[in-house]
Amino acid sequence: MRTFAKIFLATILTLNLILGLACSGDPIGGGDGTTDSSGNISLQGAGASFPKPIYEKWVNEYQKINPKIRIDYQSKGSGGGQKDIIAEIVNFGASDDPMKDEDMEKAKGEILHIPTVLGAVVMTYNLEGVDKPLNLTPEVIAAIYLGDIKKWNDPKIAADNGDVKLPDAEILPIYRNDSSGTTAVFTDYLAKTVPAFKEKIGASKQPNWVKGVGAGAPRNDGVMGQVKQTPNTIGYVEIAFAKANKLPTALIKNKAGNFVDATIDNVSAAAAGSIKDMPEDMRVKITNAEGDNTYPISSYTYILVYKQQKDAVKGKALVDFLWWAVHDGSQYAKALHYAPLPKEVVEKVEAKIYSITADGKPLREKAKAAGE
Amino acid sequence: MLIFATTILLTVVAMIFMMVWNSMPTIKQFGIGFLFGRDWQPASDIYGALPFIYGTIVSSLIALIIAVPLSLGIAIFLVEQAPKKVATPIAFLVELLAAIPSVVYGLWGIFVLAPFIRNYLGVFLQDYFGWLPLFQGRLTGIGMLTGGMIMALMVTPIITAVVRDVLEVVPTQQREAALALGATKWETTKIVLGNAASGIAGAVVLGLGRALGETMAVTMVIGNSPQISASLFEPAYTIASVLAANFAEATDSLYLSALIEMGLVLFLVTFVVNGFAKLLVARVAKGTGTAKVT
């Protein structure tokens, strides 16, 4: 038994040593571990689940062109992406919701917001016998989530859906029970358009839902599953999830008063309609934007990177990947139901990418880029 | 061997210490009120654990109310009545149930159990027992009852397996003695059950432990809404679910502290419930005056 105990102790100590070494090494800044023996460069990213399908596609395609670069994207939610980039445990974070000033201050360096694509949050529902897409106004959606509209055949819903026969059934609204960028976009839109919603629920990644009104589900797929399986529910999800599951999506009344679908063109229109409001740091919410065909619950999704990269080799790989993503990568967006960035925004993103440095030197030279 | 025992003890102490240490911000801010607060609003930094404690305990109770008689029945049948040819495959199937991952139970809950409760069981309960506040309100299939029933299904194989083992170690002489004295088969079983009481209670405690900590399957069907409602059809929330859904993304320090304190609360709830069950076991064992089996 004594030898057994010794072996046990030895194992524990060895594990401790390994773990201790692993944790003490700085994953971003430490010179070691940048490249392994075969010269491969590995980049870690984590964050929003909203752009996960397009990021996975990009990583796949990019690795075909640059087999030496390995990129891992872990979809853990916008809050997690912000947390990880602040803690410097990833090379890039991802978030749908722009970071708040107080969170930016927690980081040890300046964090840049690089918009990559645009997406839409759609209202999806489970109503038997309703084939035509429903028309919904922000007032109606807000009233459902506030518990003021309780039944599907409420006159306020019927008013915008003339010939649709709505059932005499209680509505069960589904929301996200985790901290979510999708929720941030959805609540930002309703808080902008409906004062009562702003006052009682508010705009946030995880707002104060009204007790006894709806039910919560984790992540986009959780909400999707709940809506798909439960009659008379309504929920909000990122558009790709609704399309993949062939669930109906409602037409939403925009600022111009038209009921619009979340098509790629209509989402792009939201970006076009809000370019004049885009601030220098690109942190902007584009819900309820101007324009006749603008889909109102649209959003940029961002990659978060440090302006000063600690490791020149990894920094260069990251910058090149970002450059490729917003240029060549944009061709993959539409098939996955994302809208590519408008030209004006791409120009702004280029300027941001040029500003990323390591050891005081820019990682991408303008002249060189032009020659490519 | 001492080293092994101390490792366990140290781990438990270290865990409690870490949880208390990391939940200091909310302990300081809310004090004991954290346990009795009915509001959970991360956006406004208001944290109250009561709806979660309520959801955890009530859903586990539902699970036990269904699972205990069911498991006892299965175990008695397998050990005392069924011929070996029947007992072996059934015992195998029951143990197989214990090996199914909880996410699969969750999916089954969404696809089969929730519609069943919505269309049949719930309607039946409302028709005949609708006067009870337990069965009033809207019937969506997502809620406390569905969560409890899924858990019942998950703890049944565990309780059954342990009870079966316990019954099997009751000496055959006792059965023979009872039969020789002219007891019927059922009377004999009752004597066996009496002798195995402490072991059976231990099995129930084990099942309860599993139910209290169950996360994935319950999250998928319970509705995850932090409210205390008399109706079992209404959505509820458990401590394990709120931890699983939010821990990865809690950025704000007070929120993180609140979640860690929730973990501490779950620890305490498990501790208290287990202690209570142990006391019960001791009393039952004393009453029947038999040797402990487990």
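## Topic: the overall build of chain B
Thought 1: If you tally the helices and strands in chain B, you get 13 helices and two strands.
Thought 2: For chain B, the C-alpha atoms occupy an extent of roughly 70 × 55 × 30 Å along the three principal directions.
Thought 3: The burial tally for chain B puts 40% of its 294 residues in the buried class.
Thought 4: Within chain B, contacts between residues at least 6 apart in sequence are counted, and of these 78% link residues at least 24 apart.

## Brief notes about the overall build of chain A
Thought 1: Helices and strands together make up the secondary structure of chain A, namely 14 helices and 14 strands.
Thought 2: Residues counted as buried form 47% of the 372 residues belonging to chain A.
Thought 3: Considering only intrachain contacts with a sequence separation of at least 6, the fraction spanning at least 24 residues in chain A is 72%.

## A closer look at the interface of chain A and chain B
Thought 1: Between chain A and chain B, the residue contacts involve 31 residues of the former and 25 residues of the latter.
Thought 2: Of all the secondary structure elements, the ones that give two or more residues to the side of chain A that touches chain B are α1 (2–24), α3 (78–86), β7 (215–217) and α9 (219–229) of chain A.
Thought 3: Broken down by element, the residue count for the side of chain A that touches chain B peaks at four residues, all from α3(A).
Thought 4: Across the side of chain A that touches chain B, the residue classes tally to eight nonpolar, 17 polar and six charged.

## With respect to the domain arrangement of chain A
Residue and element names in this part refer to chain A.
Thought 1: For chain A, the domain assignment lists domain 1 (41–118 + 300–362) and domain 2 (120–277).
Thought 2: One C-alpha centre belongs to domain 1, the other to domain 2; they are set 29 Å apart.
Thought 3: Contacts between the two partners involve 19 residues from domain 1, matched on the other side by 20 residues from domain 2.
Thought 4: Of all the secondary-structure elements, those providing two or more residues to the side of domain 1 that touches domain 2 are α3 and α13 (343–354).
Thought 5: Its residues assigned to classes, the side of domain 1 that touches domain 2 comprises nine nonpolar, six polar and four charged.

## With respect to the confidence of the model for chain A
Residue and element names in this part refer to chain A.
Thought 1: When the pLDDT values of chain A are averaged, the result is 86; 88% of them are 70 or greater.
Thought 2: The least confident element of chain A is α1, whose mean pLDDT is 52; the most confident is helix α5 (residues 138–146), at 97.
Thought 3: With pLDDT under 50 throughout, residues 19–34 is counted as low confidence; its partners more than four residues away or in other chains account for 14 contacts.

## A closer look at the sheet that holds strand β13 (residues 357–358) of chain A
Residues and elements named next belong to chain A.
Thought 1: Overall, mixed pairing links the three strands, which are arranged β12-β13-β14 in an open sheet. The outermost strands of the open sheet, each flanked by one partner alone, are β12 (308–309) and β14 (361–362).
Thought 2: Looking at chain direction, β13 and β14 are connected through two bridges and run antiparallel. Bridge pairing links Thr357 to Pro362 in β14.

## Concerning helix α4 (residues 50–81) of chain B
Thought 1: Taking 1.5 Å as the rise per residue, α4(B) with 32 residues should run 46 Å; its terminal C-alpha atoms sit 45 Å apart, in good agreement.
Thought 2: At B:Ala67, α4(B) is bent by approximately 30°, the largest bend along its length, and proline B:Pro69 sits one to four residues beyond.

Thresholds applied
Residues numbered from 1 in each chain as written. Chains lettered and ligands numbered in written order. Predicted model: local features only at pLDDT ≥ 70, side-chain atom pairs only at ≥ 80, totals over all residues. Helix = DSSP H or I, 4+ residues; strand = E, 2+ residues; numbered from the N terminus. Buried ≥ 20, exposed ≤ 12 C-beta atoms within 10 Å, placed from the backbone. Contact = placed C-beta atoms within 7 Å. Nonpolar A, V, L, I, M, F, W, Y, C, P; charged D, E, K, R; others polar. Domains from an automatic or database assignment. pLDDT = per-residue confidence, 0-100. Pairing = 2+ DSSP bridges. Expected span 1.5 Å × (residues − 1). Bend = angle between axes of the 7 residues up to and from the residue.

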